[in-house]
Amino acid sequence: DTAVSQTPKYLVTQMGNDKSIKCEQNLGHDTMYWYKQDSKKFLKIMFSYNNKELIINETVPNRFSPKSPDKAHLNLHINSLELGDSAVYFCASSQAGVQGNYGYTFGSGTRLTVV
Amino acid sequence: QKEVEQDPGPLSVPEGAIVSLNCTYSNSAFQYFMWYRQYSRKGPELLMYTYSSGNKEDGRFTAQVDKSSKYISLFIRDSQPSDSATYLCAMGGSSNTGKLIFGQGTTLQVKP
């Protein structure tokens, strides 16, 4: 019974293509996130939604567009993929804003390779 | 300068050693301090969680936060080969968005 599940786990695609990654959490958390982990293991936040509302939108190319149809789901669509987009993308959820509950639960990641 | 600095290592120790992992940070508004463990090809998992300054112990793991020095540590006692992973420090609480800032992670190898 996976708490935060992402699909697909692996994605290999050509430059210029459009792709989507999906995330679902069954923890009842209000907040979901997308983080990008580069080849040096550095995790950087991209977006965050709280109860379907976008609350964090870091400096990310507008080729990346998140969408949250409900508080249990957060998807990431990427247009016109570039070589530099190759990375591992992690979805996470938390009860952010509630005292003492900043801990994230991460999904297992989507390894994106653009060729 | 990054908000959170962490030596990426790698750090290699013999089984049974005491391991010390550290992070420094620059934003004095951080209130929540965490350590995540990430095994190869897996997502990070929350290991230790501390609010404000002080120590927290959980089995073989001890987390320390020194806000005056802007320095946090994770100690692993009696290290095991199964502890071999990347350890990421993370900090939050400077805003009410739940945003965490992560260190680069330290890769630890415990040799049998």
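Whatever comes next refers back to the structure up there.
Just so it is clear, the model here is predicted, and its values are computed rather than measured.

Cut-offs and rules
Residues numbered from 1 in each chain as written. Chains lettered and ligands numbered in written order. Predicted model: local features only at pLDDT ≥ 70, side-chain atom pairs only at ≥ 80, totals over all residues. Heavy atoms only, no water. Helix = DSSP H or I, 4+ residues; strand = E, 2+ residues; numbered from the N terminus. Rg over C-alpha atoms; globule rule 2.2 N^0.38 Å. Buried < 20%, exposed > 50% of the residue type's maximum accessible area, 1.4 Å probe, protein only. Contact = heavy atoms within 4.5 Å. Areas by Shrake-Rupley, 256 points an atom, 1.4 Å probe, with all protein chains shown as cover. Pairing = 2+ DSSP bridges. Axes fitted to C-alpha atoms, helices over the stretch in contact; angles between N-to-C directions. Buried area = accessible area lost by both parts, 1.4 Å probe. Salt bridge = Lys/Arg side-chain N within 4 Å of Asp/Glu carboxyl O. Polar contact = N/O pair within 3.5 Å; in protein donor to acceptor, adjacent residues only side chain to side chain. Nonpolar A, V, L, I, M, F, W, Y, C, P; charged D, E, K, R; others polar.

Quick look at the overall build of chain B
Then, in step 1: Looking only at helices and strands, one finds zero helices and eleven strands in chain B.
Then, in step 2: For chain B, the succession of helices and strands along the chain, N to C, is β-β-β-β-β-β-β-β-β-β-β.
Then, in step 3: Against the compact-globule benchmark of 13 Å for 112 residues, chain B has a radius of gyration of 13 Å, which places it among compact chains.
Then, in step 4: Taking the principal axes of the C-alpha coordinates as reference, chain B spans close to 40 × 30 × 25 Å.
Then, in step 5: Taken across its 112 residues, chain B has 46% of its residues classed as buried.
Then, in step 6: Considering only contacts within chain B whose residues lie at least 6 apart along the sequence, 55% involve residues at least 24 apart.
Then, in step 7: As displayed, chain B offers around 5200 Å² of accessible surface, 46% of which is attributable to carbon and sulfur atoms.

Observations regarding the sheet that holds strand β7 (residues 64–70) of chain A
Residue and element names in this part refer to chain A.
Then, in step 1: Within the open sheet, the four strands sit side by side as β1-β3-β8-β7. Their pairing is antiparallel. Every other strand in the sheet has two partners, leaving β1 (4–7) and β7 as the edge strands with one partner each. Strand-to-strand, the axes of this sheet are offset by a mean angle of 15 degrees, without reference to chain direction.
Then, in step 2: Bridging between β7 and strand β8 (residues 73–78) involves five bridges; their strand directions are antiparallel. Directly across from F64, in β8, lies its bridge partner I78.

Observations concerning the interface of chain B and chain A
Then, in step 1: Counting residues at the interface gives 24 residues for chain B and 27 residues for chain A.
Then, in step 2: When chain B packs against chain A, close to 2100 Å² is buried across both sides, 56% of that on carbon and sulfur atoms.
Then, in step 3: Taken together, the connections running from chain B to chain A amount to one salt bridge.
Then, in step 4: For K99(B), the salt bridge goes to E58(A), with nearest N and O atoms at 3.1 Å.
Then, in step 5: Inspection of the chain B/chain A interface yields seven residue pairs in polar contact (both at pLDDT 80 or more).
Then, in step 6: Top contributing element to the side of chain B that touches chain A by residue count: strand β4 (residues 32–38) of chain B, with four residues.
Then, in step 7: Considered class by class, the residues forming the side of chain B that touches chain A number ten nonpolar, eleven polar and three charged.

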